[in-house]
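# Close look at the chain arrangement
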Amino acid sequence: MHEPLPEIDTTTPHSARVWNYWLGGKDNYPADREVGDQVRQVYPGIVDVARHTRAFLGRAVRLLAGEKGITQFLDIGTGLPTVDNTHEVAQRADPACRIVYVDNDPLVLSHARALLTSTPQGACSYIHADVHDPGDILRQAAETLDLTRPVGLMMLGILGNVWDHDEAMAVRDELVAALPPGSYLALEDGTNAVDPEAAAEAEKTRAEAGDPYRLRTPEQIAAFFHGLELLEPGVVSVSHWRPEAEPHGLPAEVTAYCGVARKP
Ligand SMILES: C[S@@+](CC[C@H](N)C(=O)[O-])C[C@H]1O[C@@H](n2cnc3c(N)ncnc32)[C@H](O)[C@@H]1O
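The following refers to the structure shown.

What counts and what doesn't
Residues numbered from 1 in each chain as written. Predicted model: local features only at pLDDT ≥ 70, side-chain atom pairs only at ≥ 80, totals over all residues. Heavy atoms only, no water. Buried < 20%, exposed > 50% of the residue type's maximum accessible area, 1.4 Å probe, protein only. Helix = DSSP H or I, 4+ residues; strand = E, 2+ residues; numbered from the N terminus. Pairing = 2+ DSSP bridges. Core = buried A, V, L, I, M, F, W, Y, C linked by side-chain atoms within 4.5 Å.

Of all 7 residues making up strand E8 (residues 256-262), 6 are buried, and the element is well covered by its neighbours. Of the pairings in the sheet, the one linking strand E5 (residues 184-190) to E8 comprises 7 bridges and is antiparallel in character. If you follow Gly-190 over to E8, its bridge partner there is Ala-256. Pairing analysis gives 2 bridges linking strand E6 (residues 229-230) to E8, with the strands arranged antiparallel. Counted as the bridge partner of Leu-230 is Ala-261 from E8.

Below is the structure:
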């Protein structure tokens, strides 16, 4: 039996639904579209960030499940199910992969229960939890994942929800510390470095709408990989992390940075 669903408040924007709007999805409400449009006006690159982030997710999970032998994933800040979610990419490489998704939006929870279905050989579960409480996430994740074996920790577009940088680092530290050597961290987040004025406007717009999201410097994003072995090409714009071959050269840089690193 599932826990009853928490109530869905559609009158205030929530980042999962705003993100879904930028991705061209249908699981969003007028309040989400309003703030989504406001942010896009002051920070037009956000739609490219959302799309390139999903493409990075696919490339990173394919690498970890396909080449690095990772069969367990903890994906924090899942977002609303779309195409090529973590479990689909991972289980295509190895059907025995086990995935735990974590989000705090009740709409994500209801869609996840309906849509995030595992292969019979693997497992896929969904935790309704807050990234501010990594201990709770780890306790619940341990019901599906064996935390003594390597895990792919996915933190894409999630740490900006933790406004204070020291607290965001402490969350990351507690999660990484709980995973054994041979685990990987794949992380992506928006940066304020490319156009600081637009970034400040975007932060202000989201904060005023009740859905604050902190943009960080590339150095702060790189610092989330401390103590880990960064894979090539290091911490770069998300559109430049091992891009697929394209006939017209590299895609333009977008205003979000990412990396993948191994815990030694
Ligand atoms: C920008 S979206 C990223 C979605 C996905 N990781 C991707 O890269 O496409 C951020 C996600 O984090 C979730 N989120 C926001 N605040 C959260 C919190 N405090 N705890 C857990 N999840 C949160 C949102 O509901 C949303 O689904």
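Moving on, we come to the nonpolar core. One broad trend across soluble globular proteins is that nonpolar side chains are buried collectively. Membership of the largest hydrophobic core comes to 49 residues, with the highest contact counts inside it found for Tyr-43, Phe-56, Phe-73 and Val-260. Of all the elements, helix H3 (residues 46-66) adds the most residues to this core, at 11 residues. Among the nonpolar cores identified, the runner-up in size contains 32 residues, and Leu-138, Val-151, Ile-158 and Leu-159 belong to it.

The next thing to look at is unusual backbone geometry. Cis rather than trans, the peptide bond between Glu-232 and Pro-233 has omega equal to 5 degrees. In this structure, Pro-233 sits in the loop between E6 and strand E7 (236-237). Phi is positive for Asp-84, which is not a glycine, with a value near 50 degrees. Mapped onto the elements of the fold, Asp-84 is located in the loop between strand E1 (72-76) and helix H4 (86-93). One non-glycine residue, Arg-242, lies in the positive phi region at around 40 degrees. Considering the arrangement of structural elements, one finds Arg-242 in the loop between E7 and E8.

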